Each structure stands twice: as C-alpha cells, then as structure tokens.
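Each chain is listed here by its residues.
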Amino acid sequence: AEWETRRAEIQRRIRWALGEEPPGVPYNPSRTNMRAQSSTSGGYLGMLFQRPLRNPAIGGRRFAFGDDLTGDLYYPVNKEGRPAREGKWPVIIWLHPYSYSTGYSRFTVGSFMQLIEKGFAVMAFDQIGFGSRANHGLRFYERYPRWSLLGKMVADTRAAISGLSPLEEIDSSRIYLLGSALGAKVALYTAALDDRVAGVATACGFTPLRLYTPQKGTEGLRHYSHLHGLTPRFGFFSGQEQRLPIDYDEILAAVAPRPLY
C-alpha cells in the first residue's frame, strides 16, 4: 500500500511534466482483426516512404488507431505469403529515435526481421513531427499551450496499445515497447503510466535530469525544453536542476515490477 501511494505520486509528477492532455475521441475502437480495411493513410509522405516497408520475408498491413493516425503492423508469413500464426502473436511497438526526415523507416527492416523470426509481430508508426507526420508538429504549442509534444507521443503510444489489444491475432497480455533515443523516452514514460505494457527494452534513452554537468557538454534539461521542444515545463528548471519534480530513477521505479532493459 505504501508503494502504491508512492507510485501514484510519481505518476502525478509525470503527468505534470507531460502537460494537460485535451479531450479526444478514439478512432476505430471496434476493430477486432488486422484484415479490416484502414481508412487512414500516411499521405504523400507515407507513399514516398513506401509504407508498409516491403520485404518478401515479412507481411505488412496499414493499421489505423488513435486520433486518425496510421501505423504499420508487420508479422510472420508462410511460403505462400499468408500470415503464419500458431495462436496469438506477442507484439512489439517499435518507437523510433530522432529521425525527423524519415520517421521509423530508417534502418528498421533488418531489426523487424530479427524480431519477427523470434515470433513477434511488430507495430511501427511515426511520432508527431517526424517522417510522414513532419507537418503535424507545426504550431503545436499554439494549439495546445498546456500540453507537450512528449505528452502527445505518449498518448499516441497508449492509443496504439488500445488499437492492438482487441485484435484476434494479438496476445493483449504481451504487448511490449522497444525504443531508442527519443523512442526510449516515449517507452519509459508510457510504461510508467500504462500497466498494459508487459515489458520495455530501451537503448540510449536518457541521462539523469538532476545531474546536469555543463563542463561535460551535455544538453541537460534544455534537450527537452529548447532543443527538441519535448517538454517545455522542464525549461523552468534549467540551471536549477535539483528542484525538478521528477527524474528517471522514479520513472524507472514506476515501471516495476515489469521487466525493463
């Protein structure tokens, strides 16, 4: 009971950092199989990136979720190119690094194949302001002055979980997050707030927020507030890092006891 009270306080501070999410309407909440037609698209940029990514060894389908968003679901296929399925697939939501011009497309097919060969399905989408959604980040703070880009990324990832969970092909008890750099941040914040995440793997995700050392040349809180505009509220504590209400030791603790790499 004491830990749950502490965890609730950590989650409250995380929500403070992410800002105030406005009301929204979930898209296509009743979809129960991946064969259903998707009525959203990635626009001309999605076509430019040739989404879903093509590879004869894996299958790929467009996937509608969240606030009129589009992602891609990749899965094992048999020799005839049909979905190869024995029971339900565990699924990994792939969260891309800082790749403004390409979104999730860059250097991913090989990694997807490794995961799919191990029996996972993989769901991928572009974060707001990246790849096929490059224009979606324009004037974001004029529209949502009390929210944050990182808050929107977390909301979109949670929406992806909601979209995947009802699918008859997916094991909703085994939905994992895998992220690098930016994607690692999104994964950790999402898992700290959403118990539907079964586990998390991250790479190059963060440095401690309260230990900014300018003599080492690190970006510190300005990485979030100024360089990438992820969480403007962190900017109020630039130069006063010890006063920041939240840091990654607490975010990591909020993920426990689920596996975290």
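Residues numbered from 1 in each chain as written. Predicted model: local features only at pLDDT ≥ 70, side-chain atom pairs only at ≥ 80, totals over all residues. Heavy atoms only, no water.

1. Some remarks on the overall build of the chain
Point 1. If you tally the helices and strands in the chain, you get 8 helices and 6 strands.
Point 2. The linear arrangement of helices and strands in the chain, starting from the amino end, is α-α-β-β-β-α-β-α-α-β-α-β-α-α.
Point 3. By the compact-globule yardstick of 18 Å for 261 residues, the chain fits well, its C-alpha radius of gyration being 18 Å.
Point 4. Projected onto the principal axes, the alpha-carbon positions of the chain cover approximately 60 × 45 × 40 Å.
Point 5. Looking at the chain as a whole, 50% of its 261 residues are labelled buried.
Point 6. For the chain, contacts bridging at least 24 residues in sequence account for 69% of all contacts bridging at least 6.
Point 7. Put simply, the chain has 32 plus and 24 minus side-chain charges, and the middle of one group is 3 Å from the middle of the other. (Helix = DSSP H or I, 4+ residues; strand = E, 2+ residues; numbered from the N terminus. Rg over C-alpha atoms; globule rule 2.2 N^0.38 Å. Buried < 20%, exposed > 50% of the residue type's maximum accessible area, 1.4 Å probe, protein only. Contact = heavy atoms within 4.5 Å. Lys, Arg positive; Asp, Glu negative; His and termini not counted. Charge placed at Lys NZ, Arg CZ, Asp CG, Glu CD.)

2. So, helix H6 (residues 182-193)
Point 1. Under the 1.5 Å per step criterion, the end-to-end length of H6 is 17 Å for 12 residues, consistent within 8% with the ideal 16 Å.
Point 2. Taken together, the buried positions of H6 are Leu182, Gly183, Ala184, Lys185, Val186, Ala187, Leu188, Tyr189, Thr190, Ala191, Ala192 and Leu193. (Expected span 1.5 Å × (residues − 1).)

3. Overview of the sheet that holds strand E3 (residues 89-95)
Point 1. The sheet built from 6 strands is open, its strands ordered E1-E2-E4-E3-E5-E6 with mixed pairing. Strands with a single pairing partner mark the edges of an open sheet, and in this sheet they are strand E1 (58-65) and strand E6 (197-203). Each adjacent strand pair in this sheet contributes to an overall mean axis angle of 25°, direction not counted.
Point 2. Of the pairings in the sheet, the one linking E3 to strand E5 (residues 170-180) comprises 6 bridges and is parallel in character. Of the residues in E5, the one forming a bridge with tryptophan 89 is isoleucine 170. (Pairing = 2+ DSSP bridges. Axes fitted to C-alpha atoms, helices over the stretch in contact; angles between N-to-C directions.)

4. Focus: the packing of aromatic side chains
Point 1. On inspection of all chains with the given rule, the structure shows 17 aromatic pairs.
Point 2. With a centroid separation of 5.2 Å and an interplanar angle of 65°, the aromatic rings of phenylalanine 65 and phenylalanine 125 are classed as edge-to-face. Taken together, the residues span a long stretch of sequence, with phenylalanine 65 in strand E1 and phenylalanine 125 in the loop between strand E4 (121-124) and helix H4 (140-143) at a distance of 60 residues. Of the two residues, phenylalanine 65 and phenylalanine 125, both sit in the buried class.
Point 3. Pairing phenylalanine 206 with tyrosine 248 gives two aromatic rings, centres 4.2 Å apart and planes at 15°, and the pair type is stacked. In this pair, phenylalanine 206 sits in the loop between E6 and helix H7 (222-227) while tyrosine 248 sits in helix H8 (residues 248-255), placing the two residues 42 residues apart along the sequence.
Point 4. Grouping aromatic residues by their ring pairs yields a cluster made of Tyr74, Trp94, Tyr104 and Phe112. (Phe/Tyr/Trp six-rings, centres within 6.5 Å; stacked < 30°, edge-to-face > 60°.)

5. Here we look at the confidence of the model for the chain
Point 1. Residues with a pLDDT of 70 or more make up 93% of the chain, whose mean pLDDT is 89.
Point 2. When mean pLDDT is taken per element in the chain, H6 scores highest with 98 and helix H2 (residues 43-48) scores lowest with 73. (pLDDT = per-residue confidence, 0-100.)

6. Examining the nonpolar core
Side chains of a nonpolar character, in soluble globular proteins, are inclined to be buried together.
Point 1. Residues Ile14, Ile93, Met123, Leu164, Tyr189 and Phe234 are the most contacted members of the largest nonpolar core, which totals 57 residues.
Point 2. Among the elements that line this core, the one with the most residues is helix H5 (residues 149-164), at 9 residues.
Point 3. Each residue touching tyrosine 189, except ones within four places of it in the same chain, is listed here: Ile14, Leu18, Leu150, Val154, Phe234, Tyr248 and Ile251.
Point 4. Formed by 11 residues, the second largest nonpolar core is a distinct cluster that contains Tyr74, Ile92, Tyr104 and Phe112. (Core = buried A, V, L, I, M, F, W, Y, C linked by side-chain atoms within 4.5 Å.)

7. With respect to the side chain of lysine 185
Point 1. Residue position: lysine 185 is located in helix H6.
Point 2. Lysine 185 sits in the buried class, given a relative accessible area of 5%.

8. Comments concerning the pairing of strand E2 (residues 69-76)
Point 1. Of all 8 residues in E2, 8 are buried; the element is thus mostly enclosed.
Point 2. One ladder, built from 8 bridges, connects E1 with E2; its direction is antiparallel. Bridging across to E2, phenylalanine 65 finds its partner in leucine 69.
Point 3. Here E1 folds back onto E2 in antiparallel fashion, the turn holding 3 residues, of which glycine 66 has a positive phi close to 60°.
Point 4. Sheet topology note: the E2/E4 ladder contains 3 bridges and is antiparallel. In the sheet register, leucine 73 faces E4, and the bridge partner there is methionine 123.

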